[in-house]
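Remarks on the overall topology
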Amino acid sequence: MNGTQHAHPRPGSGSGSGPGPGSVIVVGSGPTGLLLAGDLATAGIPVTLVEKRPRRISNLSRAFVLHARTLEQFDARALADDVEAVGRPLDRLRLFGRLSVDLADLPSRFRHLLVLPQYEVEKVLERRAVAAGVEFRHETETTGVRQDPAQDTVTVEVRGPGGKTETLRAAYVVGADGMHSTVREAVGLPFPGRSAIRSVVLADVRLAEQPETLLSVNAVGDAFAFLAPFGDGYHRVIGWHRGRNVPDSEPLHLDEVKEITRRALGRDFGMHDPRWLSRFHSDERQVPAYRVGRVFLAGDAAHVHTPAGGQGMNTGLQDAANLSWKLAAVLHGHAGSGLLDTYQSERHPVGRSVLRSSGGIVRLAMAKRPWTLALRAALTTVLDHVGPLRRRATGHITGVGFRYPAPRGSHRLTGTRVPDVALAGGGRLYEALRGGRFVLITPHAPTPDAAPTPDASTTPAPGAEPYGAGAGREDRLAVAHWASGRRTTLLVRPDGYVAWAAEDAEAARTEAALDAHVG
């Protein structure tokens, strides 16, 4: 994660239409692809986003929750206020029965989860991507991906409107094209795993009676149900019944959805006027590698899991936040291509952990045998009364508890997420991170030979200023100072994790760390 390579690779080159040398093609315009493309374009990287669907945001989506860590990433992009304005906060997440997650003590500026449908998230991210200059290719299907090591390029074959075929070339390609990823298939990666739960019913309905809580979720006996509002008068219902293990193709009627909901939640809230009814099965799968040469996978193209805990969309967005700044650093020549290997070492373990936790929640919710019911009751009691375990579980579900691997001998903070700390001058860290910069937080002002005078166009936030040091880093590094008397010097990556830290660090040591990590 922290050992940036110093050999600067030549960006890809080659003939053919499309974005060309030094560029990135992102396949898939869901939340993961939109965040990644927007980040790259904001960093000055030419980006083409290929999407087989027409240009419209569908209101038929499965994800409904943004967790605290994702809200922090949105804050670092000045987007948190946009999603908070259309979402509804919830300070407790109920999982099943008496087991719930209290977010009031979460070590974050966002001590809640935000309930809003995925399409609202996509609207915010698409506006940003368009403003940043992302080239969108809608109604364009990816039909093949081929790497050319001799020219450091990736060729993407596409079929556009009217069946027109075209060849696009770029330095890197990111497949964010979902569970049935064409990119994943093209690079020959398996997608091992299994179906965790079958014949899940899904319905978008109006309700005659409003639920008492914003999110309603419970498992009773052989039934499980989840109920969440769209905000447009409709509610999403997801349910499952042990006795109805039928194929996804089996027709679904509203009466079945009502019956499952009554079993799990005690009543059906007068459901009527469904605009969507379907069945699906929930898989647990993960690719063994998130990178194959110059091709990367992110979001559901890399990992899928049960919807328990609302972690799916959030995990994909964190993939994008981890990968985007690394691609930008390599393409701008500030880091060697070895930095991109850390995408695998950092995000693959997180994906595996989410598979385990979401699957564990579902299995406990579906518990039927006496020993599994006893385990569920014991777990509920333990999490209610053992603070460290409760905080760890909350950290994993909300994303704030994950840390990345650090080199042997590193400072204990290396690889950890940094909360939104206060900075001298009235600013805060996640404002200083805006623009995709590293932020160096020091206990006192550094003494560079030629520190520039900050102006309104280069100062990231109150309490932060560009760091000159004669090294031309003003576009990618800001220096800030602790609002407190803390003596730790902290180099924070653009995604909000610690790249390097030291106690009472002298200037030469700090400069060496900047050379290694910022370039």
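In this report, we go over the structure that sits alongside the text. (Residues numbered from 1 in each chain as written. Predicted model: local features only at pLDDT ≥ 70, side-chain atom pairs only at ≥ 80, totals over all residues. Heavy atoms only, no water.)

**Here's the deal with the nonpolar core**
In this structure, Leu66, Phe74, Tyr172 and Leu491 are the most contacted members of the largest nonpolar core, which totals 81 residues. In terms of residue count, the dominant contributor to this core is helix H7 (residues 312–331) (10 residues). In contact with leucine 66, not counting residues within four places along its chain, are Leu71, Phe74, Val83, Leu113, Leu114, Leu116, Val121, Met313, Asn314 and Leu317. Ranked by size, the runner-up nonpolar core spans 25 residues in total, among them Phe64, Val101, Ile197 and Val200. (Core = buried A, V, L, I, M, F, W, Y, C linked by side-chain atoms within 4.5 Å. Buried < 20%, exposed > 50% of the residue type's maximum accessible area, 1.4 Å probe, protein only. Helix = DSSP H or I, 4+ residues; strand = E, 2+ residues; numbered from the N terminus. Contact = heavy atoms within 4.5 Å.)

**Some details on the sheet that holds strand E4 (residues 88–90)**
On the basis of which strands lie adjacent, the open sheet formed by 3 strands has the order E3-E7-E4 and antiparallel pairing. On the outer flanks of this sheet lie strand E3 (65–66) and E4, each paired with one strand and no other. (Pairing = 2+ DSSP bridges.)

**Topic: the packing of helix H2 (residues 68–75) against H7**
The geometry of H2 relative to H7 is characterised by a closest axis approach of 9 Å and an angle of 40° between their N-to-C directions. Taken together, H2 and H7 sit at an angle that is classed as oblique. Our pair here, H2 against H7, has a crossing hand that is left-handed. Contact with H2, carried on its side by Arg69, Thr70, Gln73 and Phe74, involves Asn314, Leu317, Gln318 and Ala321 of H7 and no other residues of that element. Split into classes, the residues belonging to the contact of H2 with H7 amount to 3 nonpolar, 4 polar and 1 charged. (Axes fitted to C-alpha atoms, helices over the stretch in contact; angles between N-to-C directions. Parallel < 35°, antiparallel > 145°, perpendicular 65-115°, else oblique. Left-handed = near helix turned anticlockwise from the far one by under 90°. Nonpolar A, V, L, I, M, F, W, Y, C, P; charged D, E, K, R; others polar.)

**Points about the environment of leucine 440**
Position of leucine 440 relative to the elements: it lies in strand E20 (residues 438–442). Sequence separation of leucine 440 and valine 498 is 58 residues, and the distance between their C-alpha atoms is 9.9 Å. Setting aside anything within four residues of it in sequence, one finds leucine 440 in contact with Leu477, Ala478, Val479, Ala480, Thr489, Leu490, Leu491, Thr510 and Leu514.

**Some points on the side chain of serine 216**
One can find serine 216 in strand E13 (residues 216–220). Taking the relative accessible area as the measure of exposure, serine 216 reaches 9% and is therefore buried. Separated by 3.4 Å, the side chains of serine 216 and threonine 213 make a polar contact. Dropping the residues within four chain positions of it, serine 216 is found in contact with Pro211, Ala225, Phe226, Leu227 and Leu265. (Polar contact = N/O pair within 3.5 Å; in protein donor to acceptor, adjacent residues only side chain to side chain.)

**Notes on helix H1 (residues 31–42)**
Along an α-helix, residues three or four apart share an orientation, since each turn contains 3.6 residues. In this model H1 runs 16 Å from its N-terminal to its C-terminal C-alpha over 12 residues, within 8% of the 16 Å that 1.5 Å per residue would give. For H1, a buried count of 11 out of 12 residues is recorded, marking the element as mostly surrounded by other parts of the structure. For H1, the full list of buried residues reads Pro31, Thr32, Gly33, Leu34, Leu35, Leu36, Ala37, Gly38, Asp39, Leu40 and Ala41. Glycine 44 sits one or two positions beyond H1 and adopts a positive phi of about 90°. (Expected span 1.5 Å × (residues − 1).)

**Some words on the pattern of salt bridges**
For the structure shown, the criterion picks out 38 salt bridges. The shortest N-O distance in the salt bridge between arginine 137 and glutamate 166 comes to 3.0 Å. Taken as a pair, arginine 137 in strand E8 (residues 135–137) and glutamate 166 in strand E11 (residues 165–175) lie far apart in primary sequence, 29 residues in all. Here the salt bridges do not stand alone but share partners, grouping Asp75, Arg109, Asp420, Arg428, Glu431 and Arg434 into one network. (Salt bridge = Lys/Arg side-chain N within 4 Å of Asp/Glu carboxyl O.)

**Things to note about the sheet that holds strand E16 (residues 272–286)**
As a general point, the strands of a sheet are linked pairwise by backbone hydrogen bonds and lie either parallel or antiparallel. Ordered by their spatial adjacency, 6 strands build an open sheet running E13-E14-E15-E12-E16-E19, and the pairing between neighbours is antiparallel. Each edge of the sheet is formed by a strand with only one pairing partner; in this case those strands are E13 and strand E19 (303–304). Relative to strand E15 (residues 235–241), strand E12 (residues 193–206) runs antiparallel, the two being bridged by 5 bridges. Note on E15: the bridge partner recorded for aspartate 204 is arginine 236.

Read these as geometric descriptors, not functional statements.
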